[in-house]
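The primary structure of each chain is shown beneath.
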Amino acid sequence: MASSKGGAASPAVLRASEMEKMSVEQLKALKEQIDLEVNLLQDSLNNIKTATGRLEITATSLHDLSLRKKMLVPLTASLYVPGTLDDADKILVDIGTGYFVEKTMNEGKDYCERKISLLKSNFDQLIELATKKKTVADEAGAILQAKLRQLAPPN
């Protein structure tokens, strides 16, 4: 999509004056594209919420793990056996794609807190971007409706 200055324009930074110059078909395509982007951003926001929740549970579990030595160990989804933790100082941290790193309990807690902080920062940025895109989509929809009313024959 080219702006009036000849450069590429992102749909998120289109102004109403630029959208008013577009044809009905271009506006429909723009609105559909932005709506799709907003839906993808919403999916990403949901994934970040889920990941943040899991990391918060993990951080809490690490704290609980350091306080007690006896626990139930899952063998299957519905079968648990009593177990005893010999060394609560060393843990394995899943850093992604099947790689694990051995860390101390405090390093593991710090890792979780840093990841939670990063995810919350990304969440805030995505919310801001989704809000801007939703505003542009709403503007495009309003301009599209106005153009369609102009093209409709008077009754």
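The name recorded for the protein in an unreviewed UniProt entry is Prefoldin subunit 5, from Salix dunnii. Quoted verbatim from the Sequence similarities (unreviewed entry) field of UniProt, the annotation for the protein is "Belongs to the prefoldin subunit alpha family."

A. Structural context of the side chain of Lys147. Take Lys147: it is sitting in helix 3 (residues 105–151). Glu20 is the oppositely charged side chain nearest to the buried, salt-bridge-free Lys147, at an N-O distance of 7.8 Å. In this structure the side chain of Lys147 is engaged in a polar contact, spanning 2.4 Å, whose partner is the backbone oxygen of Met22. Each residue touching Lys147, except ones within four places of it in the same chain, is listed here: Met19, Glu20, Lys21, Met22, Val24 and Leu27.

B. Quick peek at unusual backbone geometry. With a phi close to 45°, Thr97 is a non-glycine residue in the positive phi region. Within the fold, Thr97 resides in the loop between strand 3 (90–96) and strand 4 (99–104). The class for Thr97 is exposed, based on a relative accessible area of 76%.

C. Representation of the nonpolar core in the model. Among the nonpolar cores identified, the biggest contains 17 residues, and Ile48, Leu55, Leu62, Ile91, Met105, Cys112 and Leu126 are the most heavily contacted of them. Every element with two or more residues in this core is listed here: helix 2 (24–67), strand 3 and helix 3. Residue contributions to this core peak at eight residues, all from helix 3. With near-sequence residues (within four places) excluded, Leu126 lies in contact with Leu41, Ser44, Leu45 and Ile48.

D. Up close: the side chain of Thr52. Inspection of the secondary structure puts Thr52 in helix 2. With sequence-adjacent residues up to four places away left out, Thr52 is seen in contact with Ile116, Leu119 and Lys120.

E. Representation of the environment of Glu32 within the structure. Looking at where Glu32 falls in the secondary structure, it is placed in helix 2. As for Glu32 and Val101, which are separated by 69 residues in sequence, their C-alpha atoms are 44 Å apart.

F. Fine view of helix 2. The terminal C-alpha atoms of helix 2, which comprises 44 residues, lie 65 Å apart, in line with the 64 Å expected from a rise of 1.5 Å per residue. Turning to helix 2, its buried residues are Val24, Leu27, Leu30, Ile34, Val38, Leu41, Leu45, Ile48, Thr52, Leu55, Ala59 and Leu62. On its buried face, helix 2 sits against helix 1 (16–20), strand 3 and helix 3.

Analysis parameters
Residues numbered from 1 in each chain as written. Predicted model: local features only at pLDDT ≥ 70, side-chain atom pairs only at ≥ 80, totals over all residues. Heavy atoms only, no water. UniProt positions renumbered as here; feature names shortened; annotations may be inferred. Helix = DSSP H or I, 4+ residues; strand = E, 2+ residues; numbered from the N terminus. Buried < 20%, exposed > 50% of the residue type's maximum accessible area, 1.4 Å probe, protein only. Lys, Arg positive; Asp, Glu negative; His and termini not counted. Salt bridge = Lys/Arg side-chain N within 4 Å of Asp/Glu carboxyl O. Polar contact = N/O pair within 3.5 Å; in protein donor to acceptor, adjacent residues only side chain to side chain. Contact = heavy atoms within 4.5 Å. Core = buried A, V, L, I, M, F, W, Y, C linked by side-chain atoms within 4.5 Å. Expected span 1.5 Å × (residues − 1).

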